[in-house]
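Chain by chain, the residues:
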Amino acid sequence: MARMRSRGFQVFLPLSVLAILILINLIKGADYFSISIINGALYGNIPNILFGASELVILSIGMTLVTSSSGGQDISVGVAGAITSSVFVRLLLSSGGITWAAILAAFLASCAVGIAIGAFNGALVAVFKVQPMVATLILFTAGRSVAFLIDGRLSPILANDLTSQVGSVIPGVPIQTPIILTAVFIALFAVLLRTTNLKLYSQCVGINQKAARLNGINPVRIKFLTYMILGVCSAVAGFIAVTKAGRHDSVNLLKYVEMDAILAVAIGGNPLGGGTFSIAGSIIGAYTIEVLNRTLLRLEVDTETIKAFKAAFIIILMVIASPVVRQFAARGSRWMRDRLGGSAQAGQR
Amino acid sequence: MRRTAIIVYTASGEKQLQTPNVLEMRGICKSFPGVRALHDVSFTLRSGEVHALMGENGAGKSTLIKVMTGVYEKDSGQITVEGKAMHFRSPQDAQAFGVGTVYQEISLCHNLTVAENMFIGRGRYAFVDWKGMREKTARLLDSLGIPARPTQQLSSCSLAVQQMIAIARAIDMDCRILILDEPTSSLDEDEVRKLFSLMRELKSRGVGIVFVTHFLDQVYEISDRITVLRNGEFIGDYDASSLPQLELVSKMMGKALDDVSQIKKREVPALEGGAPVFEAQGLSSAAGVRPFDFAIRKGEVNGFTGLLGSGRSESVRAIYAADKVTGGEIKVHGRKARIGEPIQAMKLGIGYLPEDRKGDGIIAELSVRDNIILALQVMKGFFKPFSRKEAESFADEYIERLNIKTASTSTPIKSLSGGNQQKVILARWLLTHPEYLILDEPTRGIDVGTKVEIQKLVLKLAEEGVSVTFISSEIEEMLRTCSRLIVMKDRAIVGELSGESLTERDVLHVIAGGGE
């Protein structure tokens, strides 16, 4: 019961925001949910949202873990994705012919680079105890230049059928490939959480590192591990982003995505100071951000002013979710309950 | 105005009985959720005296001081300052009425000069009279005999001088009640002497000083009177000259208030029989405990005793490798073993319930269930998580067995009372079925009923063959549960008592005297 309630509230907020946004969209035009089939694949608002949010969802999952274990955020995820995808492109273009096997091999290599980047950040945070944001600032600053150096020139182009199928649709499959990849990633992550103690350990380390150690957990190792996992997330996100774009633009690929990923974690109701977390919350948070972006576009807000609207919306959201307002709401609901008797209890939830 | 009043008092104040009480606290009660920190405590401070506030860990000293200084608001009771009833709502409030506090951790700015520190936060205007500030500081330092220059950076002064500057600052702010919380714990002998002469100087000016320390010798060197607290209750106030050191120790450690008849002391098992379960030789740790030897047999309950800061906790922490082990040899069941990290101790069948429940024990935001299974889960391994059902059944079993009061297994542990939190940590270790269990202050800060339950549990475990090391600030509790007591002083073992000599008197003797 208590679990339901605390868990419920965490996911309740982003879900209700999502509902409000969808409502706004429906008012704007009743055809919001309509889905059409083009070239044998599904298109429409909902598939577009799922398509557009794939990188963000994947990154926010890793960001949630890192936030939990180290009580800080990695601001280099977008840059890390740019580096790993530059490695992917370079390897793929220099291989003999572009086959599925070559793509897979290049992708795995880029994952290895992602792990190395995670290990670098993780070592700074876990071993040298540098503040996460400062530690990842290093790569944030230098990363895009590194990606450019790996590219060797401006925007190498991935002009071939196979990678564009990864970035859009594989013939015969009705759902766009990035959506499938994201779903597979979420499923794999769910399996990881189910078959290991990753969640318990990283929560323990994030809440009380001393107590975690006295109970046999190695805090350094766990933090290190979560950063490496985030590295993999960056690599997967970079892979999806570059196949979507069809070329590697080291300057603009996954630009500013780190801020949205952190935001997704926050909207998901996860404390940015570390500790307990809900991956589901972060995933919903990520989709909420994408819906928000698209809603503003749909409402024909100028592209120049869209950021200001987005910011205003997020401020309102964060104030509603703040402990101060939450406490106030709790007091209000208690007051209502006393007034109206037990019958109102169900309505309050 | 206030100054003159004091001078009048001190002038007539040769006889202590006629010295007015500068501070009077009566019937002070203060509770926190699940803990009764102070119950009907009285405290009186006369002007021009040094009054030692004594008590073991959890006795309520720091709570009383925080009530005195307005950090906490009292639940009930009266505070009068110079005869006027007061109600402090904040530390600033208390300071305005002349209550100054100097904490062990000096709360000054290290990168500013002495003069700046003296006046920081006190200016009423945007502009600063640097010259006047320096001159005033120089005069003050001079009059109190503090060896520092106004323009010197604070961090370049020794700790003792920094402490004196903090005191001078309080004095300059017209304080008549000065609270010194553990001022000497990081000072060497010479510095302590300097501090004491400053305290005597202030005394002669009519300032009432509350002195909190763990060092008994220092109490007798400087204090006029002593107030003893135990378990949040007022034990009494005494003239220092009429309270022998031995009696003070016994008052601090006390006769337990719980129902003694409930627990029958177990027959001491034949200690000669059986090889030790755990042995340590020359063990030492980075926490500064001196190399010590130690052994415990199957089914034995022993205890480390000594005053706070004597090294009793540090010793058991060294056994469990909670602090970095710097030397020594360990044998488990006669075989050499290495414990460099807690996980190794756990795998050898050692469990450790830490003294600092909040800082080292609970994972506050996690559920009772997760907190219970944690140690066993870690021992089982990263890739072998318990299923929800298994975890749930473990939690249910121990919630019932230890009578833990919680809304559900999913309730975050932080919303439980202190006693129930402690039981959860205890459950965590019982679940691992340890061969050797170390319990550091398992009964501190929890209600009497739970205390008795925990003591009974310890004895039951011993009957089942578990070896237990039990530490408590209450000596009665230890006498009742332990068959052997290791007495510590100044981070070294000074005596070991068992059998006939295991009486309160003997233990107090060793603690107070250091010899046998």
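Since the structure is predicted, the reported quantities are computational estimates derived from the model, not experimental observations.

Peer 1: Just checking my understanding: could you explain helix 4 (residues 77-94) of chain A for this structure?
Peer 2: An α-helical turn contains 3.6 residues, so any two residues separated by three or four positions project in the same direction. If you check helix 4 of chain A, its first and last C-alpha atoms are 26 Å apart, about what 18 residues at 1.5 Å a residue would give, namely 26 Å. Helix 4 of chain A sits mainly inside the fold: 14 of its 18 residues count as buried.

Peer 1: So what exactly am I meant to see when it comes to the interface of chain A and chain B here?
Peer 2: Accessible area lost upon the coming together of the parts is a frequently used measure of interface size. Taken together, the contact pairs 24 residues of chain A with 34 residues of chain B. When chain A packs against chain B, the two sides together hide about 2,200 Å² of surface, and 60% of this comes from carbon and sulfur. The largest share of the area that chain A buries against chain B comes from R213, L214 and N215 of chain A, three residues that together contribute 29% of it. Applying the counting rule to chain A against chain B returns 2 salt bridges. Note that D360 of chain B and K210 of chain A form a salt bridge whose closest N and O atoms lie 3.3 Å from each other. Seen at the junction of chain A and chain B, the total is 11 residue pairs in polar contact (both at pLDDT 80 or more). Listed by contribution, the elements that provide at least two residues to the side of chain A that touches chain B are helix 1 (2-28), helix 8 (177-195), helix 9 (198-207), helix 10 (209-214) and helix 11 (219-245) of chain A. Broken down by element, the residue count for the side of chain A that touches chain B peaks at 6 residues, all from helix 9 of chain A. Looking at the side of chain A that touches chain B residue by residue, the classes come out as 12 nonpolar, 8 polar and 4 charged.

Peer 1: Teacher, can you tell me more about the sheet that holds strand 13 (residues 301-305) of chain B here?
Peer 2: Sheet strands line up and pair through hydrogen bonds in the backbone, either parallel or antiparallel. All names here are of chain B. A sheet is described by the order of its strands in space; here 6 strands give the open sequence 16-17-18-13-19-20, paired in mixed fashion. Each edge of the open sheet is held by one strand with a lone partner, namely strand 16 (350-353) and strand 20 (492-498). Sheet twist, expressed as the average angle between the axes of neighbouring strands with direction ignored, equals 15°. Pairing of strand 16 with strand 17 (residues 436-440), which is carried by 4 bridges, proceeds in the parallel orientation. Residue pairing for strand 17: G351 is matched across the bridge by L437.

Peer 1: Honestly, helix 7 (residues 189-204) of chain B in this entry has me stumped. Any pointers?
Peer 2: Residue and element names in this part refer to chain B. Spanning 16 residues, helix 7 covers 23 Å between terminal C-alpha atoms, matching the ideal 22 Å at 1.5 Å per step. E191, V192, L195, F196, L198, M199 and L202 are the residues of helix 7 that are buried. The buried side chains of helix 7 occupy one side of the element, clustering within an arc of 160° when seen end-on. Across from the buried face of helix 7, at angles greater than 90 degrees, the exposed residues are E189, R193 and S204.

Peer 1: Sorry if this is basic, but what is going on with the environment of S110 of chain A here?
Peer 2: Residue and element names in this part refer to chain A. By the element assignment, S110 lies in helix 5 (residues 100-127). A relative accessible area of 1% places S110 in the buried class. In contact with S110, not counting residues within four places along its chain, are T84, F88 and A235. At a separation of 2.7 Å, a polar atom in the side chain of S110 contacts the main-chain carbonyl oxygen of F107.

Peer 1: How do you make sense of the pattern of salt bridges when you look at a structure like this?
Peer 2: Close approach of charged atoms allows side chains with opposite charge to pair. Taken as a whole and judged by the stated rule, the model has 26 salt bridges over all chains. Close ionic contact of R176 of chain B with E82 of chain B constitutes a salt bridge, the shortest N to O distance being 2.7 Å. Within this pair, whereas R176 of chain B is found in the loop between helix 6 (159-172) and strand 7 (177-181), its partner E82 of chain B is found in the loop between strand 4 (76-81) and strand 5 (84-86), the two being separated by 94 residues in sequence. On the accessibility criterion, E82 of chain B (26% relative accessible area) is partly exposed. When salt bridges that share partners are traced, they join K210 of chain A together with R317, D323 and D360 of chain B into one network.

Peer 1: Sorry, what's going on with the packing of helix 9 (residues 245-253) of chain B against helix 18 (residues 504-513) of chain B here?
Peer 2: Packed helices, taken two at a time, are described by the angle their axes make and the gap between the axes. Residue and element names in this part refer to chain B. The contact between helix 9 and helix 18 brings their axes to 9 Å, and the two run at 115°. Our pair here, helix 9 against helix 18, has a crossing hand that is right-handed. Facing helix 9, whose interface residues are Q245, L246, V249, S250 and M253, helix 18 presents R505, L508, H509, I511 and A512. Looking at the contact of helix 9 with helix 18 residue by residue, the classes come out as 6 nonpolar, 3 polar and 1 charged.

Peer 1: Could you clarify how one ought to interpret the environment of I425 of chain B in this entry?
Peer 2: Residue and element names in this part refer to chain B. Within the element layout of this structure, I425 appears in helix 15 (residues 418-431). Residues I425 and L374 lie 51 residues apart in sequence; the distance between their C-alpha atoms is 9.5 Å. If near-sequence neighbours (up to four positions away) are discounted, I425 is found in contact with L353, G361, I362 and I413.

Definitions and cut-offs
Residues numbered from 1 in each chain as written. Chains lettered and ligands numbered in written order. Predicted model: local features only at pLDDT ≥ 70, side-chain atom pairs only at ≥ 80, totals over all residues. Heavy atoms only, no water. Helix = DSSP H or I, 4+ residues; strand = E, 2+ residues; numbered from the N terminus. Expected span 1.5 Å × (residues − 1). Buried < 20%, exposed > 50% of the residue type's maximum accessible area, 1.4 Å probe, protein only. Contact = heavy atoms within 4.5 Å. Buried area = accessible area lost by both parts, 1.4 Å probe. Salt bridge = Lys/Arg side-chain N within 4 Å of Asp/Glu carboxyl O. Polar contact = N/O pair within 3.5 Å; in protein donor to acceptor, adjacent residues only side chain to side chain. Nonpolar A, V, L, I, M, F, W, Y, C, P; charged D, E, K, R; others polar. Pairing = 2+ DSSP bridges. Axes fitted to C-alpha atoms, helices over the stretch in contact; angles between N-to-C directions. Arc of directions from axis to C-beta. Left-handed = near helix turned anticlockwise from the far one by under 90°.

Structural measurements only, silent on function.
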